[in-house]
Amino acid sequence: MSDTQTLIENRPPSVACLFLDRVAATPDKEAYRHPVPPASGVGPDDWRSLTWSESAERVFAIAAGLIALGVHPEERVALASSTRVEWILADLGILCAGAATTTVYPQTNTDESAFMLSDSGSRVLIAEDAAQLTKVRERRHELPELAHVVVIDPQSIGPAPAGEPEDWVLGLAELEARGAAYLEKHPDLIKERVSAITADQLATLIYTSGTTGRPKGVRLLHDNWSYMAKAIHATGLLSGEDVAYLWLPLAHVFAKVLIGGQIEMGHVTAVDGRVDKIIENLPVVRPTYMAAVPRIFEKVYNGVAAKARAGGAAKFKIFQWAAGVAREYARTTQDNFRRTGRATVPASLAAKHKLADKLVYGKLREAFGGRLRACISGSAALAPEIGYFFAGAGVHVLEGYGLTESSAASFVNPGEAYRTGTVGKPLPGTEVRIADDGEILLRGPGIMHGYHGLPEKTAEVLEPDGWFHTGDIGELSPDGYLRITDRKKDLIKTSGGKYIAPAEVEGQFKAVCPYVSNILVHGADRNFCTALIALDEPAIMAWAAENGLEDRGYAEVVAAPATVELIDGYVQQLNEGLQRWQTVKKFRILPRDLAIEKGEITPSLKVKRPAVERSFKDLIDEMYSGTREA
């Protein structure tokens, strides 16, 4: 048996077991860093640290506090909070109590929050602040199983409304104090609870953000997370000396899987979910690796391009040249590595790359903190041209692939041998095959147990022999690299019978247009393709200031004829590289960007096509009005 097989097959039954092992192995090593804003509200944050033993003290207190509240093994405890260190401590506390976490995005509206709490049968809710507490206070009488609400920020609790039970709401610090007192009387409580956890017990319920109807609760067992932790270790991508920067929403499976991986590896994680602080935090945290979604890399690329343009024609020309060199360098090194095992380039290209590095790339790497070995990109497809740009600039973006139903990480690109435009190879222990219609099927220890309370929906995607139907279309290379071509249900078939993968067209547009925020290509059952385009506000407003539109607001700028002409130029550039039936014949610039609050994008920034098409149906109809459908 290989070392990798041994590592995975001899995994413990739960991440709770892994956590106890980690605390015992490196109690005084730094585990987490988290920001504390200045009391005055002005100036930089003060970053504080928790060692593994300090983290364990709080985790065990939370676990014991939940047990003292009457939470039993496999009962659900919901977490509705943004990404912060308390989220991780609470989640580990839930797991160490033998219970299961129901993750709830803080942006979720009152109606859907109530549905998730009711459907999951959650006994306790750990809420971040007043906004989350208010949602359940409004629906308390519809949630008879919800026995307590624990609020992370205690100043948010406020006076109890009439009729609310006295002990229904308490602060996180109070829960921890109760737990600490309980542990004094029952010192072996946590060890006993953790040792009693079996691999097939429910650990997490994550509700998928469906495009229609109610979300489905994905049942992930303790063994799913334990496997993921060991499989991440087996990839060799991370070490115990890494420093990770975690900002992704922890209610999403992509961020959730990182917790187990960190515990297994024992490295440091800096936690701050404030997206508007990423640029400020990176030079402070100086991470060695970071997980992100494609939109972040698109925003960085657009920001760098806009800054270069603002510096004048000469500076922008240098950036364009350097971007071209980066892409050529990345393609050449990756092609040569695939053929020979060595990332070599011709001397002339090496010389150009060295100069471009001095002029452009070095500054870009410093913006990421200067120590970044690699970024893991997931949740949606990264436009290859943007991936090649970062690769050539020395910011190595390793794309991965997985779904909530597969515990997030099914594929990842191998370090030095990564291939831009693919999602890499399956994690050790995961099997893959491509169905006759091109659909990707997965099987292995990461696959969900099923949808909560929905056996019919489970049977639609999970075969009796364990093969899971992903709903994605893909291709496998002879040596096992997977390329995702589109969502099965998102493939467009024109009225002329041609199939089009909209994600491919959208990705190419993001690579040529530095002003785009979101784009949705439409054309199902139509005789040509159209596009709805939302523009990135900082980038387009910077352009507007340089082009005589500095006195106008965003909505006026995007509607201006000069802006339409600008974007039309990029659409024509896109069309030059497409097959005739793929080309975008008409487009409309949206008056605003897509919004999580309107249900048009998910909290992990994926576009929800049906919702966008409903929101902007009038613009779509307008583009097709007066045309004869074939």
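As a reminder, the structure under discussion sits directly above these lines.
Note that this is a predicted model, so its numbers are computed, not measured.

### Regarding helix 3 (residues 52-68)
Within an α-helix, residues lying three or four positions from one another point in the same direction, as the helix has 3.6 residues per turn.
Okay, step 1: Across its 17 residues, helix 3 extends 24 Å between first and last C-alpha, which sits within 8% of the 24 Å expected from 1.5 Å per residue.
Okay, step 2: Those residues of helix 3 lying buried are Trp52, Ser55, Ala56, Val59, Ala61, Ile62, Ala63, Ala64, Gly65, Leu66 and Ile67.
Okay, step 3: Positive phi appears at Gly70, one or two residues downstream of helix 3, with a value of about 100°.

### A look at the pattern of salt bridges
Okay, step 1: In total, this model carries 36 salt bridges according to the counting rule given.
Okay, step 2: One salt bridge in this structure joins Arg373 and Asp242, with 2.7 Å as the shortest N-O distance. Of this pair, Arg373 sits in the loop between helix 14 (347-367) and strand 13 (374-377) while Asp242 sits in the loop between helix 9 (222-235) and strand 10 (243-246), placing them 131 residues apart in sequence.
Okay, step 3: Residue class for Arg373 comes out partly exposed when judged on its relative accessible area of 41%.
Okay, step 4: Lys510 serves as the salt-bridge partner of Glu298, at 3.4 Å between the closest nitrogen and oxygen. Placement of Glu298 in helix 12 (residues 294-310) and of Lys510 in helix 17 (residues 502-512) is noted, with a sequence separation of 212 residues between them.
Okay, step 5: Judged by relative accessible area, which is 4%, Glu298 ranks as buried.
Okay, step 6: Each of Arg295, Glu298, Lys299, Lys510 and Asp536 takes part in salt bridges that share partners, so that together they form one network.

### Examining the pairing of strand 9 (residues 217-221)
On a regular strand, each side chain points to the face opposite its neighbour's, so the side chains alternate between the two faces of the sheet.
Okay, step 1: Counting buried residues along strand 9, five of its five residues qualify, which places the element largely inside the surrounding structure.
Okay, step 2: The alternating pattern of strand 9 places Gly217, Arg219 and Leu221 on one face and Val218 and Leu220 on the opposite face, and all of these are buried.
Okay, step 3: Judged from the five bridges that link them, strand 8 (residues 202-207) and strand 9 form a sheet pairing that is antiparallel. The partner of Tyr207 across the bridge, within strand 9, is Gly217.
Okay, step 4: Pairing analysis gives two bridges linking strand 9 to strand 19 (residues 450-451), with the strands arranged antiparallel. Across the sheet, the residue bridging to Arg219 is Gly450, located in strand 19.

Reading the values: the criteria
Residues numbered from 1 in each chain as written. Predicted model: local features only at pLDDT ≥ 70, side-chain atom pairs only at ≥ 80, totals over all residues. Heavy atoms only, no water. Helix = DSSP H or I, 4+ residues; strand = E, 2+ residues; numbered from the N terminus. Expected span 1.5 Å × (residues − 1). Buried < 20%, exposed > 50% of the residue type's maximum accessible area, 1.4 Å probe, protein only. Salt bridge = Lys/Arg side-chain N within 4 Å of Asp/Glu carboxyl O. Pairing = 2+ DSSP bridges.

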